[in-house]
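Examining the three-dimensional arrangement
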Amino acid sequence: MQKKILPFEPGTRGCPECHGHPETARLGPYLFEVSCSAHGEAESVRVVGNTLGNATRAWNDNAAWVAMGANVERVNARPTFWEPPKHSVQ
């Protein structure tokens, strides 16, 4: 299955690294991702889950990012997005 871009869930937090607007996609059956493409493929900032809701909850979990070494102040300062970005086709 080819990666399919999906509308994100309202309330999705920004990237824990750059605070950018995340992208959501279906990667395959029962495999969804929330990611930030601003960092390129080599430095991908992303999470996956068996549903889009689970992937979004994992993405929004500040404690998990901090446990993986992210800066606590940057993670806690992430914006929350309620609408897709203006340039989005969602």
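Residues numbered from 1 in each chain as written. Predicted model: local features only at pLDDT ≥ 70, side-chain atom pairs only at ≥ 80, totals over all residues. Heavy atoms only, no water.

**Some thoughts on the environment of Leu6**
- Within the fold, Leu6 resides in strand S1 (residues 4-6).
- The buried category is assigned to Leu6, whose relative accessible area is 14%.
- The spatial distance from the C-alpha of Leu6 to the C-alpha of Glu23 is 7.8 Å, given a sequence separation of 17 residues. (Helix = DSSP H or I, 4+ residues; strand = E, 2+ residues; numbered from the N terminus. Buried < 20%, exposed > 50% of the residue type's maximum accessible area, 1.4 Å probe, protein only.)

**Details of the pattern of salt bridges**
- On inspection of all chains with the given rule, the structure shows two salt bridges.
- The salt bridge involving Arg46 is made with Glu33; its shortest N-O contact spans 2.5 Å. One end of the pair, Arg46, is in strand S5 (residues 45-49); the other, Glu33, is in strand S4 (residues 31-36), with 13 residues separating them in the sequence.
- Judged by relative accessible area, which is 42%, Arg46 ranks as partly exposed.
- Look at the salt bridges and you will find they share partners, linking Lys3, Glu33 and Arg46 into a network. (Salt bridge = Lys/Arg side-chain N within 4 Å of Asp/Glu carboxyl O.)

**So, the packing of aromatic side chains**
- Counting across every chain of the model gives one aromatic pair.
- Each ring, one from Trp59 and one from Trp65, has its centre 5.5 Å from the other, and the planes form 85°; the classification is edge-to-face. Neither residue differs from the other here; Trp59 and Trp65 are each classed as buried. (Phe/Tyr/Trp six-rings, centres within 6.5 Å; stacked < 30°, edge-to-face > 60°.)

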